[in-house]
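Each chain, letter by letter, is given below.
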Amino acid sequence: MDTIIFDVDDTLYDQALSFHNTFRALIEGSFTYEEIDQIYKVSRKYSEILFDQSEAGEITQFEWQTGRIIAACNDFDIPIDTKKAATFHEAYVTEQQNIVLFPEVEKLLDVLYKQGYRLAILTNGEEQHQTRKINQLKLSKWIPLENTFISGTLGHAKPKIEVFEIIEKKLHLDKLNTVYIGDSFEKDIVGAKQVGWQAIWMNHRKRELPADARFKPDQEVFNAKELLELFVKNN
């Protein structure tokens, strides 16, 4: 059976929207949408770096959660301290209770489910936090609990090869018929390609492919509409 595995954050829904709303509510100053979007992208860069450090036990989870917005604000000379960063994180988590699927992703899940594909989730993060988001997105409509994998429960995180191998064994995957879809080149595309899966880069933030990249995505799409069309066209 062909298996399609999805990342969650910023792949199935617009993660920037929660950030924008939190930023406007808590950070003083007049910022354009484009300026906040740049700060968001920088915060995601720091989030991935600090997440890896947290997973390795080098920093605490609190330092990861607060450090990403502190580092991003510092890059743009925006004053922020640890207390305000903690408030920002709490508000950001609360704001994520309002997340919804990209409309085209919801259509895609319907199409793939009806066509008999086996669907699964692989997401980095802490178990309870990611579970809340998965529940908010109502993903159990298409994806059973036993096909839902969160790094916090696995003991390994993307792009480590171990996390992909765990899923291969649990789902008895056929590498050649397994597709992974995610927004992070470093975490999702490299992770999937290094174990021989197909990989689709949901590059709606229009990031550039690293010049020294050892792997390349099998397909690259720039929005949820293109992702839907990719599967509707090919099926």
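Refer to the structure printed above.
Bear in mind the structure is a predicted one, so any value in this text is a computation, not a measurement.

With that settled, the discussion passes to unusual backbone geometry. Backbone geometry follows two general trends: most residues other than glycine have a negative phi, and most peptide bonds adopt the trans configuration. Cis geometry is adopted by the peptide bond preceding Pro159, which originates at Lys158 and carries an omega value of 10°. As for its position among the elements, Pro159 is in the loop between α7 (151-154) and α8 (161-171). Residue Lys138 is not a glycine yet carries a positive backbone phi of 55°. Structurally, Lys138 can be placed in the loop between α6 (127-136) and β3 (148-150). Under the relative-accessibility criterion, Lys138 is labelled exposed at 57%.

Every buried residue of α6 is accounted for by His129, Gln130, Lys133 and Ile134. Buried residues of α6, seen end-on, are gathered within an arc of 135° and therefore sit on one face of the element. Away from the buried face of α6 by more than 90 degrees, exposed residues Gln128 and Asn135 are located. Buried-residue contacts for α6 involve α4 (82-95), β2 (118-123) and β3. For α6, the N-terminal cap is Glu126; the gap from its side-chain oxygen to the backbone nitrogen of Gln128 is 3.1 Å. Where α6 terminates, the next one or two residues include Lys138, which has phi positive at roughly 55°.

Within the largest apolar cluster, 31 residues are counted, with the highest numbers of intra-cluster contacts made by Ile4, Phe6, Leu119, Leu139, Ile181 and Phe231. Taken together, the elements giving at least two residues each to this core come down to β1 (3-6), α5 (103-114), β2, β4 (178-182), β5 (198-202) and α10 (224-234). For this core, the element with the highest residue contribution is α10, accounting for 5 residues. Setting aside its immediate chain neighbours within four residues, Phe231 contacts Ile4, Leu108, Leu112, Ile181 and Ile200. Counting residues in hydrophobic clusters, the runner-up holds 20 residues, among them Ile189, Ala192, Val195 and Trp201.

Time to look at the environment of Tyr113. With respect to the secondary-structure elements, Tyr113 resides in helix α5. Judged by relative accessible area, which is 47%, Tyr113 ranks as partly exposed. Once the C-alpha coordinates of Tyr113 and Lys141 are considered, the two residues, 28 residues apart in sequence, prove to be 9.3 Å apart. In this structure Tyr113 touches Leu119, Lys141 and Trp142, once residues within four positions along its chain are discounted.

The rules behind each value
- Residues numbered from 1 in each chain as written.
- Predicted model: local features only at pLDDT ≥ 70, side-chain atom pairs only at ≥ 80, totals over all residues.
- Heavy atoms only, no water.
- Helix = DSSP H or I, 4+ residues; strand = E, 2+ residues; numbered from the N terminus.
- Buried < 20%, exposed > 50% of the residue type's maximum accessible area, 1.4 Å probe, protein only.
- Arc of directions from axis to C-beta.
- Contact = heavy atoms within 4.5 Å.
- Polar contact = N/O pair within 3.5 Å; in protein donor to acceptor, adjacent residues only side chain to side chain.
- Core = buried A, V, L, I, M, F, W, Y, C linked by side-chain atoms within 4.5 Å.

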